[in-house]
Amino acid sequence: MVDLHCHSRYSDGSLTIEEILKLAEKNSIDVLSITDHDTVDGIDHFINTDSNVQKVAGVEISVDWEKGTFHLVGLFIDHKNAKLIETLDKLKNYRRKRNINLIKNLSELLGREIKLEEISDENYGELGRPHIAKFMVKEGLVKSIDEAFEKYLAKGKPLYVPKSRLSLEESISLINSAGGISIIAHPITIITDDMDRFFSKMKDMGIDALEVYCSLHSENDAKKYLSISERYGFLVSMGSDFHGENKKDVFLGKHGCNNEDAYKYYKKLKEYHESKFL
């Protein structure tokens, strides 16, 4: 089994690296990538943790996009690349500033001062909106993380604070400079008026693959994006987008692609990376 998209406590996942790898072994996952949001802080930990799982160094970058959500996954990256680390450190600083404003808004909503340490003591990186959503559930403001986003934290809602993001050009360049291949994560979350024009442009800009199979895609969605991949010459990737307790309906290794095809697609991704960079 192959899963090339999941999150740990180094971003907005609820499990440690060790817990994810143990779960991967339990679920018979042979190939796994940790792709934390805008950080590679956990990759050394991931690579050096003893496990039979084949590990792929990854990252998920938030792209500045007007409509919907655009995330770009980088796989087979050199997580010690200087440009990569410098750029992601800048994004971390921006996230810290955003969190201050998010918590200020939350304090006003609750009518008392909320401190950072109240929100979460489980993450190793910067706080994200899922941590605040969990805190809101704990406080009784909402019944679920989904409700917290729908009512308060999603774009355009009362607590939302925009975060600094890289342009698509910057994101692709950053992944390439770190020796990685770029993959559009869960393309269903991207809103565009002209799908054919969009994917043609993505290919011209140097995107290498589409995440055809993921927890957000139905079987029909996967068929559509598989057809798009074939039409425009994208490689195919697959990932659960696992976040542990922060996305309770998403399970490690579950993305809708059967094992035989997943290994076939992974082999092509790996061979392509080796031919491009090695």
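A brief report on the enclosed structure follows. Because the structure is predicted, anything quoted here is derived from the model rather than measured.

Observations concerning the overall build of the protein
When its secondary structure is counted, the protein shows ten helices and seven strands. If you line up the protein on its principal axes, its C-alpha atoms span 55 × 45 × 40 Å. Classification of the 278 residues of the protein by burial places 53% in the buried group. Sequence separation of 24 or more characterises 70% of the internal contacts of the protein that already satisfy a separation of 6 or more.

A word on the sheet that holds strand 1 (residues 2-3)
In a beta sheet, neighbouring strands are held together by backbone hydrogen bonds and run either parallel or antiparallel to one another. Spatial ordering of the open sheet is given by 1-2-3-4-5-6-7, a layout of seven strands whose pairing is mixed. Since the sheet does not close on itself, it has two edges, and those belong to strand 1 and strand 7 (235-239), each with one partner. Sitting on the sheet, helix 1 (residues 17-26) is in contact with strand 2 (31-34) and strand 3 (54-63), with an inclination near 155 degrees to strand 2. Strand contacts of helix 7 (residues 168-177): strand 3, strand 4 (70-75) and strand 5 (181-184), with the helix running at about 10 degrees to strand 4, the strand carrying the most contacts.

Examining the packing of aromatic side chains
Given two aromatic rings, one states the distance between the centres and the angle between the planes to describe the pair. Summed over the entire model, instances satisfying the criterion amount to eight aromatic pairs. Ring geometry for Phe199 and Tyr225: centres 6.3 Å apart, planes at 65 degrees, overall edge-to-face. Placement of the pair is Phe199 in helix 8 (residues 195-205) and Tyr225 in helix 9 (residues 219-232), with a sequence separation of 26 residues. Neither residue differs from the other here; Phe199 and Tyr225 are each classed as buried.

Some details on the pairing of strand 5
The side-chain alternation of strand 5 yields two buried faces, one formed by Ile181 and Ile183 and the other by Ser182 and Ile184. Examined bridge by bridge, strand 4 and strand 5 share four bridges and lie antiparallel to one another. Residue pairing in the sheet places Val73 in a bridge with Ile183 of strand 5. For the handedness criterion, the β-α-β arrangement of strand 5, helix 8 and strand 6 (residues 209-214) is classed as right-handed.

Some points on helix 8
Listing the buried residues of helix 8 in full gives Phe198, Phe199 and Met202. Considered in projection along helix 8, the buried side chains sweep an arc of 90 degrees and stay on one side of the axis. Turned more than 90 degrees away from the buried face of helix 8, the exposed residues are Arg197 and Asp204. Tucked into the core, helix 8 has its buried residues touching strand 4, helix 7, strand 5, strand 6 and helix 9. The N-cap residue of helix 8 is Asp194: its side-chain oxygen and the backbone nitrogen of Asp196 are 3.3 Å apart. In the stretch just after helix 8, Gly206 is the one whose phi turns positive, near 110 degrees.

Brief notes about unusual backbone geometry
For Asp38, which is not a glycine, the phi torsion comes out positive at approximately 55 degrees. Structurally, the position occupied by Asp38 is in the loop between strand 2 and helix 2 (43-48). Classification of Asp38 by relative accessible area gives buried; the value is 5%. Despite not being glycine, His186 has its phi angle at roughly 25 degrees, a positive value. Along the chain, His186 turns up in the loop between strand 5 and helix 8.

Focus on helix 1
The α-helix advances 3.6 residues per turn, and as a result positions three or four apart in sequence lie on the same side. Along helix 1, the positions that sit buried rather than exposed are Ile17, Ile20, Leu21 and Ala24. Looking straight down helix 1, one finds its buried side chains confined to an arc of 95 degrees; they lie on one side. What points out from helix 1, more than 90 degrees from its buried face, is the exposed set Lys22 and Lys26. Here the buried face of helix 1 lies against strand 2, helix 2 and strand 3. Once helix 1 finishes, Ser28 follows within two positions and takes phi at roughly 60 degrees, a positive value.

Rules used in this analysis
- Residues numbered from 1 in each chain as written.
- Predicted model: local features only at pLDDT ≥ 70, side-chain atom pairs only at ≥ 80, totals over all residues.
- Heavy atoms only, no water.
- Helix = DSSP H or I, 4+ residues; strand = E, 2+ residues; numbered from the N terminus.
- Buried < 20%, exposed > 50% of the residue type's maximum accessible area, 1.4 Å probe, protein only.
- Contact = heavy atoms within 4.5 Å.
- Pairing = 2+ DSSP bridges.
- Axes fitted to C-alpha atoms, helices over the stretch in contact; angles between N-to-C directions.
- Phe/Tyr/Trp six-rings, centres within 6.5 Å; stacked < 30°, edge-to-face > 60°.
- Right-handed = clockwise from strand over helix to strand, strands pointing away.
- Arc of directions from axis to C-beta.
- Polar contact = N/O pair within 3.5 Å; in protein donor to acceptor, adjacent residues only side chain to side chain.

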